[in-house]
Amino acid sequence: MTAMIHEQHNMTPTVETKMTARDVKVFYGEKQAIKGVSIDVDMDNVTAFIGPSGCGKSTFLRTLNRMNDTVASARVEGTITLDGEDIYAPSMDVVQLRARVGMVFQKPNPFPKSIYENIAYGPRIHGLAHGKADLEVIVEKSLRRAGLWDEVKDRLHDSGTALSGGQQQRLCIGRAIAVEPEVILMDEPCSALDPIATAKIEELIHELRGRYAIVIVTHNMQQAARVSQRTAFFHLGELVEYGVTSDIFTNPRQERTKDYITGRYG
Amino acid sequence: MSATPTVPKRLPTDWKSDAMRKRIARRYAAERRFKLAGLLAVGLSAAFLAFLLFSMLGNGLRGFTRTEIAVQVDFPASPLLLDPNAITDQALANANLPMVTGAVVKKALGADAEEWVSPTAWTVLRDRIKADPRILGRIETIKLPASTAIDLAAKSQGSPDAEAAVNRLSKARLISTGFNWGFLTLSDGTDPTQVGIWGAFKGTLLTMLVTLALSFPVGVATAVYLEEYARKNWMTDVIEVSINNLAAVPSIIFGLLGLSIFLNVLHLPRSASLVGGMTLALMTMPVIVIAGRNAIKSVPPSIRDAALGVGASPVQVVFHHVLPLALPGILTGTIIGMARALGETAPLLMIGMRAFIATPPGGITDPATVLPVQIFLWSDEVSKGFVEKTSAAIIVLLVFLLAMNGLAIYLRNKFERRW
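Just so you know, these numbers come straight off a predicted model, no measurement behind them.

Draft legend 1. Up close: the interface of chain B and chain A. On the chain A side, the residues contacting the 18 residues of chain B number 22 residues. Looking at the side of chain B that touches chain A, the elements with two or more residues in it are helix 12 (301-309) and helix 13 (314-342) of chain B. No other element matches helix 12 of chain B, which puts six residues into the side of chain B that touches chain A.

Draft legend 2. Quick look at the nonpolar core. If you look at the biggest cluster of nonpolar residues, it comprises 138 residues, and the most contacted ones within it are F49(A), V183(A), L185(A), I214(A), V215(A), I216(A) and A393(B). Tallying contributions element by element places helix 11 (residues 273-297) of chain B first for this core, with 14 residues. Ignoring any residue separated from it by four or fewer positions in sequence, one finds V215(A) in contact with V41(A), T47(A), F49(A), L61(A), L64(A), V183(A), L185(A) and M186(A). Grouped together as the second largest cluster of nonpolar side chains are 28 residues, V104(B), V105(B), V124(B) and L144(B) included.

Draft legend 3. Main features of the domain arrangement of chain B. The domains assigned to chain B are domain 1 (62-179) and domain 2 (198-415). Classifying every residue of the side of domain 1 of chain B that touches domain 2 of chain B by side-chain character gives two nonpolar, two polar and two charged.

Draft legend 4. Quick look at the packing of helix 11 of chain B against helix 13 of chain B. All names here are of chain B. Packing of helix 11 against helix 13 leaves a shortest axis separation of 8 Å and a crossing angle of 150 degrees. With respect to helix 13, the axis of helix 11 lies roughly antiparallel. As helix 11 packs across helix 13, the resulting crossing turns out to be right-handed. Here helix 11 contributes L280, M283, T284, V287, I288, I290, A291, G292, N294, A295 and I296 to the contact with helix 13, which in turn contributes V322, A326, G329, I330, T332, G333, T334, I336, G337, M338, R340 and A341.

Draft legend 5. Molecular detail of helix 10 (residues 251-263) of chain B. Residues and elements named next belong to chain B. With 13 residues, helix 10 ought to run about 18 Å at 1.5 Å a step, and its terminal C-alpha atoms sit 17 Å apart, in line with that. Those residues of helix 10 that fall on the buried side of the exposure criterion are F254, G255, G258 and F262. The buried residues of helix 10 occupy an angular sector of 105 degrees when the element is viewed end-on, so they sit on one face. Summarising the contacts, the buried residues of helix 10 are in contact with helix 11 and helix 14 (346-350).

Draft legend 6. Representation of the sheet that holds strand 5 (residues 85-86) of chain A within the structure. Residue and element names in this part refer to chain A. Reading across the sheet, the four strands line up as 2-1-4-5 and stay open at both edges, with antiparallel pairing between neighbours. Of all the strands in the sheet, just strand 2 (31-42) and strand 5 have a single pairing partner and so form its edges. Sheet analysis places strand 1 (residues 17-28) next to strand 4 (residues 74-82), joined by eight bridges and oriented antiparallel. From the neighbouring strand, V26 faces strand 4, where its bridge partner is V76.

Draft legend 7. Fine view of the sheet that holds strand 3 (residues 175-179) of chain B. All names here are of chain B. The sheet built from three strands is open, its strands ordered 2-1-3 with antiparallel pairing. Single-partner strands in this sheet number two, and they are strand 2 (139-145) and strand 3. The sheet shows a mean angle of 40 degrees between the axes of neighbouring strands, taken without regard to direction. Bridge count between strand 1 (residues 65-74) and strand 2: seven bridges; the pairing is antiparallel. Of the residues in strand 2, the one forming a bridge with A70 is K143.

Draft legend 8. Main features of the packing of helix 4 (residues 115-125) of chain A against helix 7 (residues 165-178) of chain A. Residues and elements named next belong to chain A. Contact pair helix 4 / helix 7: the axes reach a minimum separation of 7 Å and the direction vectors enclose 30 degrees. As summarised for this structure, helix 4 and helix 7 are arranged roughly parallel, according to the angle between their axes. Like other packed secondary-structure pairs, helix 4 and helix 7 cross with a definite hand, here right-handed. Within the contact between the two elements, helix 4 uses I115, N118, I119, G122 and P123 and helix 7 uses L171, G174, R175 and A178. Split by residue class, the contact of helix 4 with helix 7 holds five nonpolar, three polar and one charged.

About the criteria used
- Residues numbered from 1 in each chain as written.
- Chains lettered and ligands numbered in written order.
- Predicted model: local features only at pLDDT ≥ 70, side-chain atom pairs only at ≥ 80, totals over all residues.
- Contact = placed C-beta atoms within 7 Å.
- Helix = DSSP H or I, 4+ residues; strand = E, 2+ residues; numbered from the N terminus.
- Core = buried A, V, L, I, M, F, W, Y, C linked by C-beta atoms within 7 Å.
- Buried ≥ 20, exposed ≤ 12 C-beta atoms within 10 Å, placed from the backbone.
- Domains from an automatic or database assignment.
- Nonpolar A, V, L, I, M, F, W, Y, C, P; charged D, E, K, R; others polar.
- Axes fitted to C-alpha atoms, helices over the stretch in contact; angles between N-to-C directions.
- Parallel < 35°, antiparallel > 145°, perpendicular 65-115°, else oblique.
- Left-handed = near helix turned anticlockwise from the far one by under 90°.
- Expected span 1.5 Å × (residues − 1).
- Arc of directions from axis to C-beta.
- Pairing = 2+ DSSP bridges.

As structure tokens, then:
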């Protein structure tokens, strides 16, 4: 099914734009961390943000679901829209926004509760489940989609923190999926994982593609090349280059991009 | 540009040299000295604790026992004018039981024996008659509480006269020692053989309940607000400094505050657990706020991120995630604050809880006293019989404290979770 939709979209060149950012600037107190970034995130492609440490890619990612609101000194300028709706408008409810734009963090951070509770928490607070049986269906579906069901189906009531690092991260992805978001933001989801766990997460990203708009921040350029169809290169708070992943890696238009992907700095 | 600097050649290190050996010896010596100092410190504090416990138990355990004298009471021959078929409280009150008791004791044990039983021994007769009026037609041996002098002599602390009386009684096998249930069920009184801790214990319970009910919610709410909601600016700095100061204010000042606000302005009842609890809550709250803030601070930010990331509102983040994880720390702080409040005397003196109260409080607005104040009052009494009662009350207080701390450890282990 996913594949069919995917092929259709390949035939039609227009893709559905999910989120747009226009001239976004982020300040931490006096310091400007993001210097006017404009970008479109679409539904059918995985978008990767790459760049050296401190280039602002994570900061920019966190503006997309307003996680920067929790930082007292942070200030955001410019417009970011989700389905054409300004997410920084006063009418936008930030709690609902974060349910629609889910997030997976750098370090796996399951709640210190059972595996079941980890998944069920989001649907429960948003009232997405109608009764206990329905919630159980949601939990199973989410865990299946996160590729974790077969490993944990017999111990759903064990602590989520007792899982291995890779399993924990997939649990966190499952937790994000459980509230049926439209966009999933992943902030270096594999940086704390070993290569085998990383491969599983990458495989999972492939499977989730098309169902959710996925934005992934990564340090690892091979990973960006493997999982994404669009890549944005950030440097010193600027968006240097944004395009089809294969173009960025084989035929970068900007000197700085070329230097970075050839390992000149970073 | 510049000549390469000449680096002086380093000699190879001789790990076996004398200097090296001495350095090692010094290091080991320092290690031993430090260990010894630590052991000394621990030993000293353990010794003080042991001394406290032994002296308390030595004096106090006697307070839990009482001496009784078996007296043969010949009811038909006694000057008691009571109709076995019409025993009422009024009739018993009119029967002049104290005089009757004196008479039967004299008859049974001799002319000077009236001094040997407690002045309140007649209440035992009253209760026996009330329980079974048919006793009035029989000759019965009844155990009466001994007077303070005899009680002390039986515990080998009395005067020569009393010792002699005890010797005579024990030869006749009329004297016995039993557990003093009255000490756990009675309240304050003037006769040391007839006082109990129950009134003060109940007063303590009620006062602590009021303290907990006021200081815990207010303290936790303050901690949560300051940590999770308040903007960090000079106002929060001022509040933080004030709270830290409040935690260090001498307790007598809180007592004066309670006196001038709760009693003089709000006209709440004097000597009541309510006012005592409110005053102690003022003292306990800053401790809970400080402990609560530290506990909330130590909840990893990644948990907050995770909850916000699935769309939890700030209140949901606090109540579903932060507070449950901070609970062990908050509870520990609460119990420390409560334990401090439990031992407070000074502020309660200010609000009138040092009054002589002979009936246990029925509610939080009734006049009451608390254990430490009771200890303070008894330690001030002239009668020698109060010495062991004071120590026994201290044991009750320490057991209460131990139970509270045990509960704290239990709760902390129960709620402690790893993340």
